[in-house]
Amino acid sequence: NCYWATCSNFAGVIAYNEDFYLLKLYPSSNKKQIFEELALDKKGRLWVIDRLRKMQYLETVSGKFISADSIQTKSNQQLGNGYHEIEADAKGNLWLAGKNKLLYMDVNNDDCYEFTLPKHEIINQSAKGIEFLSLRTDEQCNAWMATNIGLIHFDPASRQVNYYHA
């Protein structure tokens, strides 16, 4: 097994084993680029997001980071940037959250689905819109999002959204 970590004083990612022995360092080509978020998809690609909200994935064979801008999905949607949270669900698919946007990436089909949250009185009360603070998934691949307006639960199978506000 290989485990991954970011480090605040190293521009890149670190691979290590279960005994915490260093396996390899994968440096970024930009020495000022510090990665803050990472997730491993079911194809074994390590996705990272840096402090400037630029997203890339690591091609472990070449050791190079590939920009998300260069990835085209089946629905011709570019992944782009602007996300600050990334999470792999139990099936190894990816969830991405940014300001007022939530994206689900089906890794098997190389396709993305952008979800717009339905209008709700809680959203209408927020002048800033929705700011995703944290994103996690559960065993059923539901997305749970901590936001500036409270907790949001999204079930991708039924596309049902539940709001829990403070």
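This report concerns the structure included in the present document. Being a predicted model, the structure only gives us computed values, none of them experimental.

## With respect to the overall build of the chain
Scanning the chain for helices and strands turns up one helix and 15 strands. Looking at the 166 residues of the chain, the share that counts as buried comes to 47%. For the chain, restricting intrachain contacts to residue pairs at least 6 apart in sequence, the fraction spanning at least 24 positions comes to 37%. Here the chain displays about 9,200 Å² of accessible surface, and carbon together with sulfur accounts for 48% of that area.

## Examining the sheet that holds strand S13 (residues 143–147)
Taken in spatial order, the four strands line up as S12-S13-S14-S15 in an open sheet, and their pairing is antiparallel. Edge positions in the sheet fall to strand S12 (132–137) and strand S15 (160–164), since each of these pairs with one other strand and no more. Strand after strand, the sheet turns through a mean of 20 degrees between neighbouring axes, direction not considered. In terms of strand pairing, S12 meets S13 through five bridges, oriented antiparallel. Bridge assignment links Leu135 to a residue of S13, and that residue is Met145.

## Quick word on a nonpolar patch on the surface
Taken together, the side chains of Trp144, Leu151 and Tyr164 define a hydrophobic patch exposed on the protein surface, amounting to about 260 Å² of accessible area. Its location among the elements puts Tyr164 in strand S15. Residue Tyr164 is classed as partly exposed on the basis of its relative accessible area, which comes to 40%.

## Remarks on the pairing of strand S3 (residues 22–27)
Examined bridge by bridge, strand S2 (residues 10–16) and S3 share five bridges and lie antiparallel to one another. Along S3, the bridge assignment pairs Val13 with Tyr26. In textbook terms, the turn of a hairpin is the stretch between consecutive antiparallel strands, and for S2 and S3 this stretch comprises five residues, one of which, Phe20, has a positive phi near 65 degrees.

## Concerning the packing of aromatic side chains
Taken as a whole, this structure holds nine aromatic pairs when the rule is applied. Ring geometry for Trp4 against Tyr26: centres 5.6 Å apart, planes inclined by 45 degrees, an arrangement best described as tilted. Remark: Tyr26 occurs in strand S3 and Trp4 occurs in strand S1 (residues 3–7); sequence separation between them is 22 residues. In this structure Trp4 comes out as buried when scored by relative accessible area, which is 16%.

## Side note on the pattern of salt bridges
Applying the stated rule across the entire model yields four salt bridges. With its nearest N and O atoms 3.3 Å apart, the salt bridge here joins Glu36 to Arg51. Here the residue Glu36 occupies a position in strand S4 (residues 35–40), and Arg51 occupies one in the loop between strand S5 (46–50) and strand S6 (55–59), the gap between them amounting to 15 residues. For Asp41, the salt bridge identified is with Arg45, shortest N-O distance 2.9 Å.

## Notes on unusual backbone geometry
Positive phi, normally seen in glycine, also occurs at Phe20, with a value near 65 degrees. In this fold, Phe20 is placed in the loop between S2 and S3. The backbone phi angle of Arg53 is positive, close to 65 degrees, even though this residue is not glycine. If you trace the backbone, Arg53 turns up in the loop between S5 and S6.

So, how was this worked out
Residues numbered from 1 in each chain as written. Predicted model: local features only at pLDDT ≥ 70, side-chain atom pairs only at ≥ 80, totals over all residues. Heavy atoms only, no water. Helix = DSSP H or I, 4+ residues; strand = E, 2+ residues; numbered from the N terminus. Buried < 20%, exposed > 50% of the residue type's maximum accessible area, 1.4 Å probe, protein only. Contact = heavy atoms within 4.5 Å. Areas by Shrake-Rupley, 256 points an atom, 1.4 Å probe, with all protein chains shown as cover. Pairing = 2+ DSSP bridges. Axes fitted to C-alpha atoms, helices over the stretch in contact; angles between N-to-C directions. Patch = residues over 30% accessible without salt bridge, like charges linked within 9 Å, V, L, I, M, F, W, Y side chains within 5 Å. Salt bridge = Lys/Arg side-chain N within 4 Å of Asp/Glu carboxyl O. Phe/Tyr/Trp six-rings, centres within 6.5 Å; stacked < 30°, edge-to-face > 60°.

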